[in-house]
Amino acid sequence: RMLKRQIACRSDINRMNGAFLATFQSLIPPEEERTKQKQLLALLDGIVSKEWPDARLYVYGSCANSFGFSKSDIDICLAIEDANIDKSEVLLKLADMLQSGNLQNVQALTRARVPIVKLMDPETGISCDICVNNVLAVVNTKLLRDYAQIDVRLRQLAFIVKHWAKSRGVNETYQGTLSSYAYVLMCIHFLQQRRPAILPCLQGMEATYSVTVGNIECAYFDKVEKLYGFGSQNGESLARLVWAFFSYWAYCHDYANDVISIRSGSTVSKRGKDWTRRIGNDRHLICIEDPFEVSHDLGRVVDKFSIRVLREEFERAAEIMQYDPNPCVKLFEPY
Ligand code: CTP
Ligand code: MG
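Residues numbered from 1 in each chain as written. Chains lettered and ligands numbered in written order. Predicted model: local features only at pLDDT ≥ 70, side-chain atom pairs only at ≥ 80, totals over all residues. Heavy atoms only, no water.

To continue, consider the overall build of the protein chain. Of the regular secondary structure elements, the protein chain holds 10 helices and 10 strands. Relative to a compact globule of 335 residues, whose C-alpha radius of gyration would be 20 Å, the protein chain shows 21 Å and is just as compact. With the C-alpha coordinates of the protein chain rotated into their principal frame, the extents come out at 60 × 45 × 45 Å. Taking all 335 residues of the protein chain together, the buried fraction comes to 52%. When contacts within the protein chain are restricted to residue pairs at least 6 apart in sequence, those whose partners lie at least 24 apart make up 65%. In the form shown here, the protein chain has an accessible surface area of approximately 16,400 Å², with 47% of it arising from carbon and sulfur atoms. Treating the 41 positive side-chain charges of the protein chain as one cloud and the 40 negative ones as another, the clouds have centres 7 Å apart. (Helix = DSSP H or I, 4+ residues; strand = E, 2+ residues; numbered from the N terminus. Rg over C-alpha atoms; globule rule 2.2 N^0.38 Å. Buried < 20%, exposed > 50% of the residue type's maximum accessible area, 1.4 Å probe, protein only. Contact = heavy atoms within 4.5 Å. Areas by Shrake-Rupley, 256 points an atom, 1.4 Å probe, with all protein chains shown as cover. Lys, Arg positive; Asp, Glu negative; His and termini not counted. Charge placed at Lys NZ, Arg CZ, Asp CG, Glu CD.)

Pasting the structure below:
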């Protein structure tokens, strides 16, 4: 088991902090976007409740997890209690009603991995995807939002990492690289294992919130207002954390043996999860355990080609953070 040794951080790293904070600021959505999203949600609620009076709409993904950039599409989940519904039927019906309700580009994608209806609202210009009964996504969205409340550096770091991944073309699951959701889990894991820790492990604490989705029990400590200041023993700046994040994924993570697991607040072994060999299309070349659906490896989209692309990008980023005079520019250069 060979791990490269941790390298010492450049001494002028904190001089870069202003530039990283400014980049973060420039990506935050302005308040009026929130107003428009609410307006569209109210419109959709009106349409949906005509056909399904007991159904509810939940926003999940980047518009609700606090990791969304400006001009993100909205992800919405239509929750219908009736267990006997046929999802495709519901989506086709929904698409019909949306079309009559003056929404544009309405498209039902019933054969997708997560079947959805797509639409665009001409009034607000917002595009959105609606899925049916994807309750786990709603719950993991809440978990991410709750983590973000504990220490601002999570949101700052995740914005920088997502911006880097989008700029460098490694945020494309259909090309074998990672989803935004996976990158946020990587950031949470990273801040949990910092010493002193910047984030706690909410699923390892007394549960104050608990829901059961199918046969999965989702429980964790969600009274995060009690955890403000949790990471204050650790004074690391954003720039230093960005440096350490890339250095971790470039030189320190044990790809052969470890699974990152925010559920356990640490890493767990690939062997323990039986993720050491390829089964079907799952190669487990970089292992990121879903916090609730623990048999789900978010890294399963990664193949033997894209793992090289990813690791080379981590190394490129780590080198820029270590040596480049202007890392905040070079890091985000289009590929
Ligand atoms: N999700 C999930 N499992 C995955 C991928 C996504 O449960 N394998 C859910 C998560 O709830 C996530 C949401 O789908 O928050 C949206 O995923 P994604 O598009 O990756 O993240 P966003 O936060 O919407 O990022 P972006 O700004 O890139 O749209
Ligand atoms: Mg999204």
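This next bit is on the layout of surface pockets. Each pocket or cavity is described by its volume, and for the largest pocket that value is around 1,700 Å³. Tyr 60, Asp 75, Arg 113, Ser 179 and Tyr 181 are, among the 46 residues lining the largest pocket, the residues nearest its centre. Examining the composition of the lining of the largest pocket, we find that five residues originate from one element, helix α4 (residues 135–150), more than from any other. What the second largest pocket holds in volume is close to 430 Å³. The wall of the second largest pocket is formed by 20 residues, among which Tyr 58, Ala 79, Val 135, Val 138 and Val 139 lie closest to the centre. When contributions to the lining of the second largest pocket are tallied by element, the ones reaching two or more residues are β1 (56–60), α4 and β6 (209–213). Counting residues per element, the lining of the second largest pocket draws most heavily on α4, which supplies six residues. Looking at side-chain class alone, the lining of the second largest pocket contains 11 nonpolar, four polar and five charged residues. (1 Å grid on protein atoms, 1.4 Å probe; cavity = no way out; pocket = protein on both sides within 12 Å on 5 of 7 lines; lining within 4 Å. Points joined across faces, edges and corners; volume = space filled by probe spheres on them. Nonpolar A, V, L, I, M, F, W, Y, C, P; charged D, E, K, R; others polar.)

The description of two packed helices rests on the angle between their axes and on the distance between the axes. The interhelical angle for the contact between helix α7 (residues 238–252) and helix α9 (residues 306–323), taken along N-to-C directions, is 140°, at an axis separation of 8 Å. Judged by the angle between their axes, α7 and α9 are oblique. Crossing handedness for the pair α7 and α9: left-handed. On α9, the residues touching Ala 239, Val 242, Trp 243, Phe 246, Ser 247, Trp 249, Ala 250 and Tyr 251 of α7 are Phe 314, Glu 315, Ala 317, Ala 318, Glu 319, Met 321 and Gln 322. Split by residue class, the contact of α7 with α9 holds 11 nonpolar, two polar and two charged. (Axes fitted to C-alpha atoms, helices over the stretch in contact; angles between N-to-C directions. Parallel < 35°, antiparallel > 145°, perpendicular 65-115°, else oblique. Left-handed = near helix turned anticlockwise from the far one by under 90°.)

Let us look at the sheet that holds strand β9 (residues 266–269). The sheet built from three strands is open, its strands ordered β9-β8-β10 with mixed pairing. A single partner strand is all that each edge strand has here, and the edge strands are β9 and β10 (287–288). Its contacts with the sheet put helix α6 (residues 180–192) on β8 (258–261), β9 and β10, and the angle it makes with β8 is roughly 90°. (Pairing = 2+ DSSP bridges.)

Among the five residues in strand β4 (residues 116–120), four count as buried, and that is most of the element. Two strands pair when backbone bridges link them, and strand β3 (residues 104–109) and β4 are joined in this way by four bridges, in the antiparallel orientation. Along β4, the bridge assignment pairs Gln 104 with Met 120. The turn joining β3 and β4, which pair antiparallel and follow one another in sequence, is formed by six residues. In this structure, β4 lies alongside strand β5 (residues 127–132), joined through five bridges in antiparallel fashion. Directly across from Val 117, in β5, lies its bridge partner Ile 130. Counting the residues that bridge the hairpin from β4 to β5 gives six residues, and of these Gly 125 lies at a positive phi of roughly 75°.

What follows concerns the sheet that holds β4. Here we have five strands laid out as an open sheet, ordered β1-β2-β5-β4-β3, and mixed in their pairing. If you trace the sheet from one side to the other, it starts and ends with β1 and β3, each paired once. Strand after strand, the sheet turns through a mean of 20° between neighbouring axes, direction not considered. Its contacts with the sheet put α4 on β1 and β2 (74–79), and the angle it makes with β1 is roughly 50°.

So, about the nonpolar core. Residues Phe 20, Trp 164, Met 186, Phe 246, Ile 286, Phe 314 and Leu 331 are the most contacted members of the largest nonpolar core, which totals 73 residues. Counting residues per element, the ones that place at least two in this core are α4, α5 (152–167), α6, β6, β7 (216–220), α7 and α9. Considering each element in turn, this core owes the most residues, 13 residues, to α7. Residue contacts for Phe 246: discarding those within four places in its chain leaves Trp 164, Phe 314, Ala 317, Ala 318, Met 321 and Leu 331. Counting residues in each nonpolar core, the second largest holds 26 residues, with Leu 40, Trp 52, Leu 57 and Val 117 among its members. (Core = buried A, V, L, I, M, F, W, Y, C linked by side-chain atoms within 4.5 Å.)

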